[in-house]
Structures are given as C-alpha cells and as structure tokens.
Amino acid sequence: MTQDEQKKAVAIAAIERVPVGRVIGVGTGSTANYFIDELAKIKHKIDGAVASSDATAKRLKSHGIDVIDLNEIDDLSVYIDGADEITRHLHMIKGGGGALTREKIVAAVAKQFICITDQTKLVNVLGNFPLPIEAIPMARSYVAREIAALGGQPALRQGFITDNGNIILDIHGLQILNPVELETTLNQITGIVTNGLFARRAADILLLGTDKGVEIIAN
C-alpha cells in the first residue's frame, strides 16, 4: 500500500472504535483528515466532536459534524489523532502542524487515546523529526538558550503563529532516549506553553498502517 492508502486504512480501522452516542476528540493533520472524512459517514451515530485545532473544527463543520467546546463536557471517551513520530512504547512527537497544545489538552481529558499513523512514523528512538515547542513570543530567546543548553538546536518556525497566538520553535539534533524525563524537564522552562513530547500521556493504542494491512499495538 502507498502511504496515503495506509493512512486511509488506519482511519477506517479507527472508525470501528468510535463509541456510539458520545462526543469524541479529533486530532489534526493529514491522517486525522482521512479520519474526519470517514467519520462523516457515521456522523449520525455520535453526539459531536471536540476539535484540536481551528483547521480540524473547520473540516468537521464542513461535513456537518457538530463541534463541541471541551469546557461543555465532563468527560471524553476517546481521542483519535496521528503522530509525527511514535515508538512501540507509544511515546510520540506531535506538533508538526502546530496544534500540539490543544492536542495535548484533549489527550489529557480523553479516557482513551488512539493514535493512527502510517509505517513511516514508527521509530526506535524519537528525535529525527524536529521536536516542536510552543512558546510565548517574548520568551523566544530565553527558551532557545535553555534548549541549547540541553543539547538541542532550536529554529524558529518562520511565518507561523499557533491558534493560541504563540510561536513554534522546532528543536533539531536531539536523540530522545528518555522521553518522559525530557518532557518533564521542558515543562519546567518558563515561557514554554507546551512541548511536543507525548510520553507522560502516551497513546493507549496504535493503529499502524503497513504494507500488509493495519497492525494493532497496545500498551
């Protein structure tokens, strides 16, 4: 299967895990877009969706799917999203599309986090994909210096502002052997809103698109 065919296959597989009569969380990115398009076919079976970005909200609405504010619900049964990199421990790097803060919030609320990706995203060690950091604009230089001290090479994502009005620093040159520890360390740097490591709250299930079909990896 091609990469796009793998993305579509995992999107279809994820539909089978969508609970009936509930609000679900929906991620951002190319694989999530395939999922949204499939979700439109069963939209009558759900009560709506929480979007992890403005772009996702727009796509959901274009299909006639109700977009629900996360503050309006008490719990979220499932969150379905892609990843930029993921290990077999289900630790991830996310944020290539710049929606990492809202993605991490929705993932924190969800009882179950299902990651859907094609096989190119599966890695042994995180870090080849630059780690996104969302930061307050006035803290850009300070955050960059702190990250450089950790061994990373920060680069401002030019011409990009997040849905929250902040900047993104993409961190190159990291080999992330202990993602939980690094996520915790980055959380302590003043000025960082969110880092793109999803390790403290990893995925519960990975639906991985491969040449042979969809592989299921679970914690």
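In what follows, the structure referred to is the one given above.
Our subject in this report is the structure included herewith.

Rules and cut-offs
Each chain has its residues counted from 1, following the order in which its sequence is written. Predicted model: local features are reported for residues with pLDDT of at least 70 only, side-chain atom pairs are reported and counted for 80 or more only, and whole-chain, interface and lining totals are derived from all residues. Note that the side-chain values use all heavy atoms of the structure and ignore hydrogens as well as water. We define a salt bridge as a side-chain nitrogen of Lys or Arg found within 4 Å of a carboxyl oxygen belonging to Asp or Glu. Secondary structure elements are defined from DSSP: runs of H or I of at least 4 residues count as helices, runs of E of at least 2 residues count as strands, and each element is numbered from the N terminus. Throughout, exposure labels follow a simple rule: accessible area from a 1.4 Å probe, protein chains only, divided by the maximum for the residue type, with under 20% read as buried, over 50% as exposed, and the rest as partly exposed. Here a strand pair is declared whenever DSSP counts at least two bridges between the two strands.

### A look at the pattern of salt bridges
Moving on, step 1. Inspection of the entire model under this criterion finds 11 salt bridges.
Moving on, step 2. For D54, the salt bridge identified is with R102, shortest N-O distance 3.1 Å. Taken together, the residues span a long stretch of sequence, with D54 in helix α3 (residues 54–62) and R102 in helix α4 (residues 100–109) at a distance of 48 residues.
Moving on, step 3. Judged by relative accessible area, which is 26%, R102 ranks as partly exposed.
Moving on, step 4. A salt bridge links K94 to E103; the shortest N-O distance between them is 3.4 Å.
Moving on, step 5. Assessed through its relative accessible area of 2%, K94 is described here as buried.

### Focus on the sheet that holds strand β4 (residues 85–86)
Moving on, step 1. One open sheet holds the three strands; their spatial order is β4-β5-β11, and the pairing between them is antiparallel. The sheet is open, and its two borders are formed by β4 and β11 (197–198), each paired with just one other strand.
Moving on, step 2. Two strands pair when backbone bridges link them, and β4 and strand β5 (residues 92–93) are joined in this way by two bridges, in the antiparallel orientation. By the bridge assignment for β5, E85 is matched with I93.

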